[in-house]
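Fold and contact review
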Amino acid sequence: NAGVTQTPKFQVLKTGQSMTLQCAQDMNHNSMYWYRQDPGMGLRLIYYSASEGTTDKGEVPNGYNVSRLNKREFSLRLESAAPSQTSVYFCASTPFGGVGEKLFFGSGTQLSVL
Amino acid sequence: GNSVTQMEGPVTLSEEAFLTINCTYTATGYPSLFWYVQYPGEGLQLLLKATKADDKGSNKGFEATYRKETTSFHLEKGSVQVSDSAVYFCALTRLNTNAGKSTFGDGTTLTVKP
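A brief structural summary. (Residues numbered from 1 in each chain as written. Chains lettered and ligands numbered in written order. Predicted model: local features only at pLDDT ≥ 70, side-chain atom pairs only at ≥ 80, totals over all residues. Heavy atoms only, no water.)

1. Here's the deal with the pairing of strand β4 (residues 23-26) of chain B
One face of the sheet, then the other: side chains in a regular strand alternate in exactly this way. Residue and element names in this part refer to chain B. Condition: We call a residue buried when its accessible area falls under 20% of the maximum for its residue type, exposed when it is over 50%, and partly exposed in between, using a 1.4 Å probe and counting protein chains only. Per the convention used, a helix needs a DSSP run of H or I reaching at least four residues, while a strand needs a run of E reaching at least two, with both numbered from the N terminus. Pairing between strands requires that DSSP locate at least two bridges from one strand to the other.
Only one face of β4 is covered, namely the one carrying Cys23 and Tyr25; the face carrying Thr24 and Thr26 has none of its residues buried. Taken together, the four bridges between strand β1 (residues 3-6) and β4 define a ladder with antiparallel strand orientation. Bridging from a neighbouring strand, Val4 pairs with Tyr25 of β4.

Here's what the structure looks like:
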């Protein structure tokens, strides 16, 4: 009963380093999302994939890239990490992205950029 | 644009106290409204939702009523438990918008003491 699985759970990077956050869901959902959560703030959408083969920018896409590898997997890449990207990152999915559908979240990746 | 305003926290209550967390929103049309809960170290999970005016969402003793006249969706629980300690997020999704492009409030941290 895995749901949405994110790896890694914790990561520390130096400024300028790159890394990829992995996300996989086993619910056969079509739509997947990446958010960041900063202290005292709500979630902000970075990128999303409404269906396999498509990706679109969200509210805060600068400094990130994504890949929808297949229906199950949606990765987030930081090409050159900056301290401003220190945050908690959440992956989520929904069956079709329809209004009223609930979001299923992973447990998050805590990223620190020094 | 859309916005969600939650009462500022943190909120500290004694067990069995009555809980209200205020949420007001700004959006065009008739958005769907949600409350998500985030327990320590976990991702967000849906607590309840309402998709049209005057609907009441309920789950685990929590309730919220979609009030279009006051653009509010306040969360209430009659008797809180220590296990309700978490961060609560109010969110909305506009009609004809992908579910993941929700607007989230800043979150309200609830601590319940025995």
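The structure having been displayed, the exposition proceeds.
2. A closer look at the interface of chain A and chain B
When the parts of a complex come together, some accessible area is lost, and that lost area is often used as the size of the interface. Under the convention used in this document: Note on contacts: a residue pair is in contact if any heavy atoms of the two residues lie within 4.5 Å. Note on definitions: buried area is the accessible-area loss of two parts on being combined, 1.4 Å probe, summed for both. Salt bridges, as used here, are contacts in which a Lys or Arg side-chain nitrogen is within 4 Å of a carboxyl oxygen on Asp or Glu. Any pair of N or O atoms that falls within 3.5 Å is considered a polar contact. Within protein, one atom must be able to donate a hydrogen and the other to accept it, and sequence-neighbouring residues count only if both atoms are side-chain atoms. For this classification, the nonpolar set comprises Ala, Val, Leu, Ile, Met, Phe, Trp, Tyr, Cys and Pro, the charged set comprises Asp, Glu, Lys and Arg, and every other residue, Gly included, is treated as polar.
On the chain B side, the residues contacting the 23 residues of chain A number 25 residues. Summing both partners gives a buried area of about 1700 Å² for chain A against chain B, and 59% of it is carried by carbon and sulfur. Linking chain A to chain B there are zero salt bridges. Counting every contact that joins chain A to chain B gives eight residue pairs in polar contact (both at pLDDT 80 or more). Classifying every residue of the side of chain A that touches chain B gives 11 nonpolar, 10 polar and two charged.

3. Overview of the sheet that holds strand β7 (residues 64-68) of chain A
Residue and element names in this part refer to chain A. Counted only if it meets this: Here the axes come from fitting lines to C-alpha atoms, over the contacting stretch only for helices, and the angles between their N-to-C directions go from 0 to 180 degrees.
Judged by pairing direction, the sheet is antiparallel, and its four strands sit side by side in the order β1-β3-β8-β7 without closing on themselves. Of all strands in the sheet, those bounded by a partner on one side alone are β1 (4-7) and β7. When the angles between neighbouring strand axes are averaged without regard to direction, this sheet yields 15 degrees. Sheet topology note: the β1/strand β3 (residues 19-25) ladder contains four bridges and is antiparallel. Paired with Gln6 across the strands is Cys23, a residue of β3.

4. Quick look at the nonpolar core
Put simply, the test is: Put simply, a nonpolar core is a bunch of buried Ala, Val, Leu, Ile, Met, Phe, Trp, Tyr and Cys residues held in one set by side-chain atoms that sit within 4.5 Å of each other.
Within the largest apolar cluster, 26 residues are counted, with the highest numbers of intra-cluster contacts made by Trp35, Leu47, Leu48, Phe73, Leu75 and Tyr88 of chain B. No other element matches strand β10 (residues 86-93) of chain B, which puts four residues into this core. With near-sequence residues (within four places) excluded, Phe73 of chain B lies in contact with Cys23, Leu33, Phe34, Trp35, Leu48, Lys49, Ala50, Ala64, Thr65, Tyr66 and Cys90 of chain B. Core analysis: the next-biggest nonpolar cluster, separate from the first, contains 19 residues, Met32, Leu78, Ala81 and Cys91 of chain A among them.

Limitation: the analysis is restricted to geometry and does not speak to function.
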